[in-house]
Structure formats: structure tokens, C-alpha cells
Amino acid sequence: DKLIATPDMMPKVAKLGRVLGPRGLMPNPKAGTVTTDIPGTVKDFKGGKVEYRLDKSGNLHVLVGRADFKPESLLENLKAIQVSVDANKPPGSKGAYWKSCYVCTTMGPSVKVNLNSLQAMKEA
């Protein structure tokens, strides 16, 4: 779920901040959800645009797919995320940027991903 707003509506949406904020739905210009081009933004998000951020510990949490996706689709999405993170890492970061990678369902156990195999895999 996403909430997209125009800049002129933000003062009215801000009153709902206590409800929207904890759910991660508050529109944010940095995330691209405050825009004057509503149809284009809706099209982008429906087309699969994904935003990712790090938590306070430096862990990346991002949606890779759904439980009903084919394994090939999940692997393709995971590889696309890995390529995107590698391409957008801060220029000042040194050393190994990836320490470990785990995949899990929302409330299920996690499965460790072999990073060397993922990084060596060619993009589809």
C-alpha cells in the first residue's frame, strides 16, 4: 500500500501523521510519494517501483516477492535488488558492503542466501 499526495495537500495529510507514520504510509518527497505528476507516479509504483532504506542497525529490509511467486521470479527479483544496492552504495563505503543475506516470509523462519553465488550470477 502506498499513499501519494501533491505538495499542496501535504498540510492536510500531515494531520494524519500519527496514523500514517507508524504504518510507513506517510508521503515523503525523498521516497517519491509527494509529486505533482500523480498518474505517472501511480503507474511507476504499480509497475513495480520499490524503495528501500536501511534501519538504524544498517539492515536492509525490502520486499522481494510474494509466497505464490515462482522460484525463478524470486531469484530474478533478488538479483535485481542486489545489483541496485551495489550500484547505489555510497561512494565513501569501503570493504565488503554485503555481510550476509537472508530471505524469509513475513512471520516465517529465514533462509541464508549464498552471497558469492548471488553476486556471481548473471542478470536475466
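Given the structure is predicted, the values throughout are model-derived calculations rather than measurements. (Residues numbered from 1 in each chain as written. Predicted model: local features only at pLDDT ≥ 70, side-chain atom pairs only at ≥ 80, totals over all residues. Heavy atoms only, no water.)

Caption draft 1: Molecular detail of the nonpolar core. Counting 9 residues, the largest nonpolar core consists of Val64, Leu78, Ile81, Val85, Trp98, Cys101, Val113, Leu115 and Leu118. Elements supplying a minimum of two residues to this core: helix 4 (71-87) and helix 5 (115-120). Among the elements that take part in this core, helix 4 stands out by supplying 3 residues, more than any other. In contact with Leu115, other than residues within four places in its own chain, are Trp98, Lys99, Ser100 and Cys101. If you look at the next biggest cluster of nonpolar residues, it comprises 6 residues, including Met10, Leu20, Leu25 and Val34. (Core = buried A, V, L, I, M, F, W, Y, C linked by side-chain atoms within 4.5 Å. Buried < 20%, exposed > 50% of the residue type's maximum accessible area, 1.4 Å probe, protein only. Helix = DSSP H or I, 4+ residues; strand = E, 2+ residues; numbered from the N terminus. Contact = heavy atoms within 4.5 Å.)

Caption draft 2: Representation of helix 3 (residues 38-46). Two or three places before Gly40, at the start of helix 3, stands the capping residue Asp37, its side-chain oxygen 3.3 Å from that residue's backbone nitrogen. Looking one or two residues beyond helix 3, the residue adopting positive phi is Gly48, at roughly 115 degrees. (Polar contact = N/O pair within 3.5 Å; in protein donor to acceptor, adjacent residues only side chain to side chain.)

Distances and angles like these do not, on their own, reveal function.
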